[in-house]
Amino acid sequence: NAGVMQNPRHLVRRRGQEARLRCSPMKGHSHVYWYRQLPEEGLKFMVYLQKENIIDESGMPKERFSAEFPKEGPSILRIQQVVRGDSAAYFCASSPQKNTEAFFGQGTRLTVV
Amino acid sequence: AQKITQTQPGMFVQEKEAVTLDCTYDTSDQSYGLFWYKQPSSGEMIFLIYQGSYDEQNATEGRYSLNFQKARKSANLVISASQLGDSAMYFCAMSRHMRGSYDKVIFGPGTSLSVIP
């Protein structure tokens, strides 16, 4: 049973480009959470999704950021027109239900140059 | 508002010794969960241990134990018999509800632990 898979592991984008981060939850998990870790900081909650629904996006920046978790395929975190301040590690976690332990992926390290 | 404080940015411990990583939290919720995660240099987040606010006994998982003092709002992690592989960042975290509600997990700033041979 593979764990939470995130790809790419490392992503380099120039300012103004788009970044697409993918997360495949563990088999049987229908809840996905995205977190951002800025350098030298802890993880900050961004968004919580179930299949085809955004449940809580209170941690998402108001502009340029969006997330989806379609019926088929991975969850996508999309950052448009990236800026240097978007450089961070983005972690995805999944759980089978809301109130159970979440398992983290290995993260995607985004570098904006 | 919820807040997690880890006052030790860096810690050193001799191999085979025990070490305590401090964590204090602030919440007005009656029901909450406390977690510790380990993040080695490779970057992944590894779940270590969980304590529910209504659990009467301190949680233990192998060499990890959580010293939960509810009145003081502290949830210190104790690692016994440190190993070189324990060198990593350690994050204390809190969720709003018992056992999960990961949509509202708050993480502390972390403590870097270095185990000395």
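See the structure printed just above.
Position numbers for residues count from 1 along each chain, tracking the sequence in the order it is written. To label them, take the chains in the order written and letter them from A, then take the ligands in the order written and number them from 1. Where totals are concerned, whole chains, interfaces and linings use all residues; where local detail is concerned, this predicted model gives features only for residues with pLDDT of at least 70, and gives and counts side-chain atom pairs only at 80 or more. The basis for the side-chain values is all heavy atoms of the structure; hydrogens and waters are excluded.

**Q** So what exactly am I meant to see when it comes to the pairing of strand 6 (residues 53-56) of chain A here?
**A** Look at any regular strand and the pattern is simple: side chains alternate between the two faces of the sheet. Residue and element names in this part refer to chain A. When DSSP finds two or more bridges between a pair of strands, those strands are recorded as paired. Strands are runs of DSSP state E lasting at least 2 residues, helices are runs of H or I lasting at least 4, and numbering of each runs from the N terminus. Pairing of strand 5 (residues 43-50) with strand 6, which is carried by 3 bridges, proceeds in the antiparallel orientation. Residue pairing for strand 6: Gln50 is matched across the bridge by Asn53. Linking strand 5 back to strand 6 in an antiparallel pair, the connection comprises 2 residues, with Glu52 at a positive phi of about 65°.

**Q** What should I look at first to understand the packing of aromatic side chains in this one?
**A** Aromatic rings from Phe, Tyr and Trp, with only the six-membered ring used for Trp, were paired whenever their centres fell within 6.5 Å, and each pair was classed as stacked if the ring planes differed by under 30 degrees, edge-to-face if by over 60, and tilted otherwise. Summed over all chains, the structure comprises 13 aromatic pairs over all chains. Ring plane angle 15° and centroid distance 4.7 Å describe the contact between Tyr33(A) and Tyr48(A), whose orientation is recorded as stacked. Placement of the pair is Tyr33(A) in strand 4 (residues 31-37) and Tyr48(A) in strand 5, with a sequence separation of 15 residues. With respect to class, Tyr33(A) is no different from Tyr48(A); both count as buried. Seen from their ring centres, Phe35(B) and Phe47(B) are 6.5 Å apart, and the 65° between their planes marks the pair as edge-to-face. Highlighted residues: Phe35(B) in strand 5 (residues 33-39) and Phe47(B) in strand 6 (residues 46-52), separated in sequence by 12 residues. Exposure classes here rest on a 1.4 Å probe applied to the protein chains alone. A residue is buried below 20% of its type maximum, exposed above 50%, and partly exposed in between. Assessed through its relative accessible area of 1%, Phe35(B) is described here as buried. Should the NZ of a Lys or the CZ of an Arg lie within 6 Å of a ring centre and within 35 degrees of the ring normal, that charge is described as sitting over the ring. Lying across the ring of Tyr64(B), Arg63(B) places its NZ or CZ 5.7 Å from the centre. Over the ring of Tyr54(B) we find Lys70(B); its NZ or CZ atom is 4.5 Å from the centre of that ring.

**Q** Could you clarify how one ought to interpret the sheet that holds strand 8 (residues 75-79) of chain A in this entry?
**A** Sheet strands associate in pairs through backbone hydrogen bonding, adopting either a parallel or an antiparallel arrangement. Residues and elements named next belong to chain A. Pairing within the open sheet is antiparallel, and its 4 strands lie in the order 1-3-8-7. For this open sheet the edge positions go to strand 1 (5-7) and strand 7 (65-68), each flanked by a neighbour on one side alone. Strand-to-strand twist of the sheet, defined as the mean angle between neighbouring strand axes without regard to direction, takes the value 15°. Two elements, strand 1 and strand 3 (residues 19-24), share 3 bridges in a ladder whose sense is antiparallel. Only the stretch in contact is used when fitting a helix axis, every axis being a line fitted to C-alpha atoms; angles between N-to-C directions are given from 0 to 180 degrees.

**Q** Quick question: what am I supposed to make of the side chain of Ser82(B) here?
**A** Residue and element names in this part refer to chain B. Here Ser82 lies in the loop between strand 9 (74-79) and strand 10 (88-95). Given the relative accessible area of 1%, Ser82 is considered buried. Leave out the neighbours within four places in its chain, and Ser82 touches Val13, Gln14, Glu15, Lys16, Glu17, Val19, Arg63 and Val115. Two residues qualify as a contact provided that any one of their heavy atoms is within 4.5 Å of a heavy atom in the partner residue.

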